[in-house]
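Results of the structural survey
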Amino acid sequence: MTNIIDAHQTSVGTITPRNTGSDQPATSRRSSTVLFSRSLSSVMNCHREDVGTFPHTASSDAVVGWRCIRAMSECEEIANSPTGRDHRARFFAVGNDPDPAVRRQFEAAYEHHSYCGGSVRREIGQEHLRQVEIASRRLAQQHPRAEIIVNQQFHIDPETGQGLPYLHERDRAWAAVLKAPDATVHTFLPGYATGDRYSLIMAMMLEPRLHVSIAYTAGNAAEEKHAREACDVLLEALGRNGTADPARRVTLLEYRGESLKRARESLDDGATRERFIHLQGSPSPLSAPYASAPRNDHVFHISVTTELIARQFRECADKAGLHATVRDKLEALLEPGDRALIDRLVDQVIAEQRIPPGAVGLWVADREFPNSREAEAVSRPAMVEQIAAHLKSRGLPIYCIADTFINRTRDHLGTDRLTDRHPYRPELHPHIGRFWAAEWEGARVLAPRQNQWYFMHRLLSSIGGPLVGIRSGALEPLALMGHSVIYLEHKDMFTPERHASWQQSLPYHRLITTRTTGYREKQTEIARNNLIRASLSNMIDRQMQPGPHAPLGNDPRLERIEDDHSQGVLSTDELDLLVEMVTRSTTAEQASRTLWPH
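First, a word on scope: everything that follows refers to the structure included in this document. These figures come from a predicted structure and were not determined experimentally.

Our next topic: the overall build of the protein chain. The number of helices and strands found in the protein chain is 22 helices and 16 strands. Taking as baseline every contact in the protein chain between residues at least 6 positions apart, the subset at least 24 positions apart corresponds to 79%. Surface summary for the protein chain: the accessible area is close to 24,800 Å², and the carbon and sulfur share equals 51%.

Here's what the structure looks like:
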């Protein structure tokens, strides 16, 4: 069979979710699901699909130009029977937006694309999965097992199998500070670094010497919001865990310079420090009158929190006891009454989603309008389905959790659209979608971060299986609580040596992949679709002009994206290694020795 995914290129139209008629008598519909489409949609549907715009509008009936393309690509799906739909739990959120109308649109998108167990969409998804499995076997031939083994040894002590300590390059000359029991360890959190905030909270609760300076760029409202929020969260966390005067360990600053990102790389420089203005909290080496402080007041990179946590566990004889301490500190953050409420919610969700004991959780990561760095940690639908299929083939049940692949995107004209990057699902899995935004008994119970952590703690404890996902700050607290987490990262993803220091010290097990786990340079399905949109728009405009027209050549950018998407999979050896890590709850380096003695 030809490559059905390549033959069905990305849709270029605004596809309107509509009532599929599933509540009508079965006699009023065909006995099997039929995908009705007009003209171009048959060759332009691929991994993702538009399901609406903001504000939501109906497709145009115009017959010329770009609006003609939109009309020609309109499609709708006729569902088989309501009895064929998979059950979905009541506690589920497709999108984050609190606006009821927008939430309904997200829900309609999920219904339209996911509730089609025996449909053409599922058949396309199954064919795509078969092609992914072929690519996986081909990848194993291109990258021998010995290479996979060597990948897992990166920044690992060959004698002990333990991760090597990690410090940022500019911090290495100050390593002695971390060993001095009475020294204050200063670190810096820029307002834009939201992902580092949560491991920082854990580090500050475990390491009383740690002091943080939080800063935002003057005039940057988003940075200021995140910085003030981080400051408040840290003060509250420290206060609830018995710190007498939390403000002595937290400083809020305003940066009056051009680039906070550049300033972060020269925090010990006097000229850089002069641009920070103290707003609240304790004195900081970065703020006047302390800007001219002695050079021994070094400010460490935020990654020092990773090493401080590693040292706590590496040097602890009772790791189980330390994990219990982390859990106790977490529970101290909960509001009275929330704990019992979340306990009851977890039991209900597991029952409604029919998640069996020992199931493996697959953490789906997505993000609205990601930057280049963030896109490298965005989940590929094909890779998620590949992992799910392989685990299930080994008798390991799975469920998905976190994002849903349905998100706002922006097209080549700057229009915001609601897009599903995974409209062709080979099967539906239990999915606890965007639990932090779901409503229960009229309230967003899990909106507070500490409630989300406790929910995940109770969920993983009740199910008993590990969690698998791309490296993320959201997963780190779960490992600190003692849960088995397996994270994927490619060989040059950010700083892969950073969390190598946790290997064998915490159950945060790293699997280094040959191919990119996320997307480089934001080359997602969205980018591909926008290129197709622009190309077709240009083609239609040219055809509307009089005179002969030279044929349009292939866009090399589109070819690069297609190549990346087709190759963004795990090899069969990497999948086998993942299964070994799941079943033995061990590091990739240890699992490789068991699986392939060497």
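The next subject is the environment of Phe 300. Counting through the fold element by element, Phe 300 comes out in strand 8 (residues 299-300). With 114 residues separating them in the primary sequence, Phe 300 and His 186 have C-alpha atoms 5.9 Å apart.

Within the structure shown, the criterion is met by 39 salt bridges. Linking Lys 392 and Glu 427 is a salt bridge whose minimum nitrogen-to-oxygen distance equals 2.9 Å. Pair noted here: Lys 392 is in helix 16 (residues 381-393) and Glu 427 is in the loop between strand 12 (416-420) and strand 13 (431-433), with a separation of 35 residues, a long-range link. Here Glu 427 falls in the partly exposed class, since its relative accessible area comes to 29%. Look at the salt bridges and you will find they share partners, linking Asp 97, Glu 368 and Arg 408 into a network.

On to the sheet that holds strand 9 (residues 360-364), then. Spatially, 13-10-9-14-15-16 is the arrangement adopted by the 6 strands of the open sheet, whose pairing is parallel. The open sheet has two edge strands with one neighbour each: strand 13 and strand 16 (508-513). When the angles between neighbouring strand axes are averaged without regard to direction, this sheet yields 20°. Here strand 15 (residues 485-490) runs beside strand 16; their pairing, made up of 6 bridges, is parallel.

Core analysis: the biggest nonpolar cluster contains 77 residues, and Ile 214, Tyr 399, Phe 455, Met 456 and Leu 459 have the highest contact counts within it. Top contributing element to this core by residue count: helix 8 (residues 197-206), with 8 residues. Each residue touching Met 456, except ones within four places of it in the same chain, is listed here: Trp 363, Ile 401, Phe 435, Leu 467 and Leu 478. Grouped together as the second largest cluster of nonpolar side chains are 28 residues, Leu 362, Val 384, Ile 387 and Ile 398 included.

With that out of the way, let us pick up unusual backbone geometry. A negative phi angle is the norm for most residues apart from glycine, just as the trans form is the norm for most peptide bonds. Even without being glycine, Arg 354 reaches a positive phi, approximately 60°. Looking at the element boundaries, Arg 354 is found in the loop between helix 14 (338-353) and strand 9. Residue Arg 354 is classed as exposed on the basis of its relative accessible area of 59%. Located in the positive-phi region is Lys 522, a residue other than glycine, with phi close to 60°. The residue Lys 522 is located in the loop between strand 16 and helix 19 (525-543) in this model.

Where helix 13 (residues 319-331) contacts helix 17 (residues 449-463), the two axes come as close as 10 Å, and the packing angle between them is 135°. As far as their axial angle goes, helix 17 and helix 13 are oblique. In this structure, helix 13 meets helix 17 at a crossing whose hand is left-handed. Every residue of helix 17 that contacts helix 13 at Arg 327, Leu 330 and Glu 331 is listed here: Gln 450, Trp 453, Tyr 454 and His 457.

Its location among the elements puts Arg 339 in helix 14. Taking the C-alpha atoms as reference points, Arg 339 and Tyr 454, 115 residues apart in sequence, are found 7.8 Å from one another. Apart from residues no more than four positions distant in its own chain, Arg 339 is found in contact with Glu 331, Leu 334 and Tyr 454.

This brings us to the side chain of Arg 209. Inspection of the secondary structure assignment puts Arg 209 in the loop between helix 8 and strand 5 (210-217). Here Arg 209 falls in the buried class, since its relative accessible area comes to 16%. From its side chain, Arg 209 meets the backbone oxygen of Val 177 in a polar contact 3.4 Å long. For Arg 209, the contacting residues outside a window of four places in its chain are Val 177, Leu 178, Lys 179, Ala 180, Pro 181, Ala 183, Thr 184, Val 185 and Leu 308.

Let's shift gears to the packing of aromatic side chains. Tallying each qualifying case throughout the model produces 9 aromatic pairs. When the ring of Trp 363 is compared with that of Phe 435, the centres are 6.2 Å apart and the planes differ by 75°; the resulting orientation is edge-to-face. One end of the pair, Trp 363, is in strand 9; the other, Phe 435, is in the loop between strand 13 and helix 17, with 72 residues separating them in the sequence. Joined through ring pairs, the aromatic side chains of Trp 363, Phe 435, Trp 436 and Phe 455 make up one cluster. When the ring centre of Tyr 192 is taken as reference, the NZ or CZ atom of Lys 261 above it lies at 5.3 Å. In this structure, Arg 410 is placed above the aromatic ring of Phe 369, and the distance from its NZ or CZ to the ring centre is 4.2 Å.

The next point concerns the pairing of strand 12. Most of strand 12 is tucked away: 4 of the 5 residues are buried. Two strands pair when backbone bridges link them, and strand 11 (residues 406-410) and strand 12 are joined in this way by 5 bridges, in the antiparallel orientation. Among the inter-strand pairings, Arg 408 is bridged to a residue of strand 12, identified as Leu 418. The antiparallel pairing of strand 11 with strand 12 creates a hairpin that spans 5 residues between the two strands, and Gly 414 there sits at a positive phi of about 90°.

Glancing now at the pairing of strand 10 (residues 398-402). The element strand 10 is largely enclosed, with a buried count of 5 among its 5 residues. Bridge count for strand 9 against strand 10 is 5 bridges, and the pairing is parallel. Bridge pairing in strand 10 links Val 364 to Ala 402.

Another point: the sheet that holds strand 6 (residues 250-255). Spatial strand order, 7-6-5-4-8: 5 strands in an open sheet with mixed pairing. Looking at strand neighbours, the two that pair on one side only are strand 7 (276-281) and strand 8, the edges of this open sheet. Pairing of strand 4 (residues 185-190) with strand 8, which is carried by 2 bridges, proceeds in the parallel orientation. Residue pairing in the sheet places Thr 187 in a bridge with Phe 300 of strand 8. Those strands touched by helix 8 are strand 4, strand 5 and strand 6, and its axis lies near 155° from that of strand 5.

Further remarks concern the packing of helix 8 against helix 9 (residues 221-240). Two elements in contact, helix 8 and helix 9, have axes whose closest approach is 10 Å; the angle formed by their N-to-C orientations is 30°. In terms of orientation, helix 8 and helix 9 fall into the roughly parallel class. Seen along the crossing, helix 8 lies across helix 9 with a hand that is right-handed. Residues Arg 197, Leu 200, Ile 201, Met 204 and Met 205 of helix 8 touch helix 9, and the partners they reach there are His 226, Glu 229, Ala 230, Val 233, Leu 234, Ala 237 and Leu 238.

Next up on the list: helix 6 (residues 145-152). Among all positions of helix 6, only Ile 148, Ile 149, Asn 151 and Gln 152 are buried. Projected down its long axis, helix 6 shows its buried positions confined to an angular sector of 155°, all on one face. Within helix 6, the exposed residues directed more than 90 degrees away from the buried face are Ala 146 and Val 150. Turning to helix 6, the residues buried within the fold contact strand 16, helix 21 (572-584) and helix 22 (588-595).

Reading guide: rules and limits
Residues numbered from 1 in each chain as written. Predicted model: local features only at pLDDT ≥ 70, side-chain atom pairs only at ≥ 80, totals over all residues. Heavy atoms only, no water. Helix = DSSP H or I, 4+ residues; strand = E, 2+ residues; numbered from the N terminus. Contact = heavy atoms within 4.5 Å. Areas by Shrake-Rupley, 256 points an atom, 1.4 Å probe, with all protein chains shown as cover. Salt bridge = Lys/Arg side-chain N within 4 Å of Asp/Glu carboxyl O. Buried < 20%, exposed > 50% of the residue type's maximum accessible area, 1.4 Å probe, protein only. Pairing = 2+ DSSP bridges. Axes fitted to C-alpha atoms, helices over the stretch in contact; angles between N-to-C directions. Core = buried A, V, L, I, M, F, W, Y, C linked by side-chain atoms within 4.5 Å. Parallel < 35°, antiparallel > 145°, perpendicular 65-115°, else oblique. Left-handed = near helix turned anticlockwise from the far one by under 90°. Polar contact = N/O pair within 3.5 Å; in protein donor to acceptor, adjacent residues only side chain to side chain. Phe/Tyr/Trp six-rings, centres within 6.5 Å; stacked < 30°, edge-to-face > 60°. Lys NZ or Arg CZ within 6 Å of the ring centre and 35° of its normal. Arc of directions from axis to C-beta.

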